[in-house]
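Given next are the chains, with one letter for each unit.
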Amino acid sequence: MLSGLSGPMPLSRNQAMGASERLSAVTSLLSSLEHLVNRKQKRPGGLNDWAIARHGHARYGRPLRKLLDAVADERTTTVLHSARATASAALLLPGDGRWRGAANLFLGVSGALLYPTHRYGTDGSDQASGLVQTATGLARLAPTPQAQDALLWYVAIQSNLSYAISGWVKLLGRDWRTGAALSGVMRTRTYGHEGVWRLTKRYPRSARTLAHGVLALECLFPVLYLKGGLLTRPVIAAVASFHVANGFVMGLGRFVPAFAAMHPMVAYTSTPRSHPAVAGRDDRMLGTMGLLLAGGAVAASAVAAHRRLRATDRAHGSTVTTRHGNELFHDGTMTGHGSGPVVVLVHGLGAIPAHFSWYTRALNADGRQWLAYSRAGYGPSRRRADTPHHLNESVDDLVDLVRAAVPEGRQVSLVGHSLGGEIARRAAVRLGERVHSVVYVDSSHPEQLDRSDQQGKNARFVEEMIGTTAVSLRLGLGILMQTPEWVRNLPATVRSRAMAEYADHRVWTAALREWRAAERDFRSFTGPLAPLDAHALVLSAQHTVDRDPDHLLMHKDLADAHGTGRTVRSAVVEGSDHEGILTDPQFAAEAVRHLLAFLGDTTAPAPSGQHTATADQEAR
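Residues numbered from 1 in each chain as written. Predicted model: local features only at pLDDT ≥ 70, side-chain atom pairs only at ≥ 80, totals over all residues. Heavy atoms only, no water.

(A) Quick look at the overall build of the protein chain. Check the secondary structure of the protein chain and you find 29 helices and 8 strands. Along the three orthogonal principal directions, the C-alpha set of the protein chain runs to about 85 × 50 × 50 Å. When each of the 620 residues of the protein chain is scored for burial, the buried share is 48%. Accessible area of the protein chain: about 28,700 Å², with a carbon and sulfur share of 59%. Positive and negative side-chain charges of the protein chain, numbering 68 and 53 respectively, have mean locations separated by a distance of 7 Å. (Helix = DSSP H or I, 4+ residues; strand = E, 2+ residues; numbered from the N terminus. Buried < 20%, exposed > 50% of the residue type's maximum accessible area, 1.4 Å probe, protein only. Areas by Shrake-Rupley, 256 points an atom, 1.4 Å probe, with all protein chains shown as cover. Lys, Arg positive; Asp, Glu negative; His and termini not counted. Charge placed at Lys NZ, Arg CZ, Asp CG, Glu CD.)

This is how it looks when you write it as structure tokens:
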């Protein structure tokens, strides 16, 4: 009985390909039939209305956009899905001809074309089935058994990665380590199940054991290759049962055949070569993948080192050492002479000075002097403090920076985004008369975690996201990081430097340190806000206040904290979100219009030609 439950699952090459292609054919058949039945979702107003979804691909080249427009046409989509359903049904029939390779390739290629046009209703099952179908199609048409084995090994390695990486990433999440994740998932609207959720609450110890079992199963999936495939049967049986349970409980029905389609190739590659069923199997693909992995690790290290050098470059600008020993790098157009307040830009959590690039360009054009700096741990700045980080450390650093870098007698206008707004507000209290005004750009509020249910609930997910990214970048995975939209929206001259800083793990490590300090501080804040005798401008992003009306009230608190007799203005930048208010050219221009009008009304204009930004300063 035990021997029947353990040991390898010997499948021949043809048996593995046949089982995999039939299981993946079930996935594509179900997928295409679902889309044919729900064609209304492609029509105007539907979830997959291409007139709306196509904007998500606007950055692609014109030929690809034209191709997607043609594929997204309702008639073309209907024809393709009908053909896919026919090909999938044909692959379920017995046979071993080369036509099966062509049918598999058609399913893989057509699935890749249709995938971008179905913004909703696609998931990992479609990606998994497309991978299996493309590899199996190529294997069916391959001229040699060695080429077939290489493709089967490719799918098997992908299967191992899909489970193992998913498990190890889950380990970074506190809920998975404590075993609370299962109950949390079952409570969601999208993937939850009320009955199972109630069981997890009734039997919490069993729920934790099950969650830890899933974690162990995913993390240790590759152990089925040890001891001649001794654990192949129990591991594959456990994983298959896991997908069946997900199909029933979470509604992920297509996951069952999609991921099970990889298992025959895992069984084929994990069977010892001494077994007659796999006699003559070519395992060179495994060594090739090892060499490629080693080469990729070297390349990733080289890219990370290059980005680190670029992110920490101090060729331009100056450094101030604060009372905590931190070395703050700053840059800008400020000179030792001039009149009017110096605009000091304070970036947000996990952000960089380049976020303000559109603002600095407008300030240059208006003839105003500005200074931007990186907080301790970000970019070229160094954190030398040997005590646990607290939010007041960042406030002290800003106060010391203003006193050391801004000429005595000059006032400052502190412009802070997100957490930078709260740091600027606290620094303004200490700087007193040196502060001309505070500009809050979609600013944080020290009571936001208590007054906003949305932000209070999301706080722990923020920490997990930042922590996961920091660990991934430390492992050299920054080479895989795609350029985010906000970087692509910046002026061309700053994009390369901005991406280098954003992909540097130091930014994320500093952000994690700051977030933990800010959360502790905000949770213990008792208020009220300290009064400020300075002008104020409060800019809110429309998406922020629409999704969380409590935040609009907190922005009003920021404005009300400024004394009477001072100019206090508030404005909502329509259409903008929390990041776009800085980086989107359209929304940044609107925000800057408010900023310049505010500065113009509260200060005397700077003499014409007082200073001119250099090319290097424009680029930075």
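(B) Representation of helix α28 (residues 585-602) in the model. For α28, spanning 18 residues, the distance from its first C-alpha to its last is 25 Å, which sits close to the expected 26 Å at 1.5 Å a residue. Of all the residues in α28, the buried ones are F587, A588, A591, V592, H594, L595, F598, L599 and T602. An end-on view of α28 places all buried positions within 155° of arc, on one side of the element. Summarising the geometry of α28, the exposed residues directed more than 90 degrees from the buried face are Q586 and D601. The N-cap of α28, judged by a side-chain oxygen 3.0 Å from the amide nitrogen of Q586 a few residues on, is D584. (Expected span 1.5 Å × (residues − 1). Arc of directions from axis to C-beta. Polar contact = N/O pair within 3.5 Å; in protein donor to acceptor, adjacent residues only side chain to side chain.)

(C) Layout of the sheet that holds strand β8 (residues 568-573). If you walk across this open sheet you meet the 8 strands as β1-β2-β4-β3-β5-β6-β7-β8, and the pairing is mixed. Looking at strand neighbours, the two that pair on one side only are β1 (318-321) and β8, the edges of this open sheet. Strand after strand, the sheet turns through a mean of 20° between neighbouring axes, direction not considered. Strand direction decides the pairing type here: β1 and strand β2 (residues 327-332), joined by 4 bridges, are antiparallel. Within β2, the residue paired with V320 across the bridge is L328. In the packing of helix α26 (residues 549-560) onto the sheet, contacts are made with β6 (435-441), β7 (535-541) and β8, and the angle to β7 comes to roughly 170°. (Pairing = 2+ DSSP bridges. Axes fitted to C-alpha atoms, helices over the stretch in contact; angles between N-to-C directions. Contact = heavy atoms within 4.5 Å.)

(D) Focus on unusual backbone geometry. In the Ramachandran plot, K227 falls in the positive-phi region, its phi being about 55° despite a non-glycine side chain. With respect to the secondary-structure elements, K227 resides in the loop between α12 (204-219) and α13 (232-249). The backbone of D442 shows a phi angle near 45°, a positive value even though the residue is not glycine. Turning to its location among the elements, D442 is positioned in the loop between β6 and α20 (448-451).

(E) Representation of the packing of aromatic side chains. With the rule as written, the count across this model stands at 7 aromatic pairs. Here the aromatic rings of W153 and Y225 are separated by 6.0 Å at their centres, their planes lie at 25°, and the arrangement is stacked. Of this pair, W153 sits in helix α8 (residues 145-170) while Y225 sits in the loop between α12 and α13, placing them 72 residues apart in sequence. Centroid distance Y502 to W508: 5.3 Å. Interplanar angle 65°. Geometry classified as edge-to-face. Each member of the pair, Y502 as well as W508, is classed as buried. Through pairs of rings, three or more aromatic residues link up here, namely Y163, F221, F255 and F259. When the ring centre of W176 is taken as reference, the NZ or CZ atom of K170 above it lies at 5.3 Å. Stacked on the ring of Y268, the Lys or Arg R281 has its end atom at 5.9 Å from the ring centre. (Phe/Tyr/Trp six-rings, centres within 6.5 Å; stacked < 30°, edge-to-face > 60°. Lys NZ or Arg CZ within 6 Å of the ring centre and 35° of its normal.)

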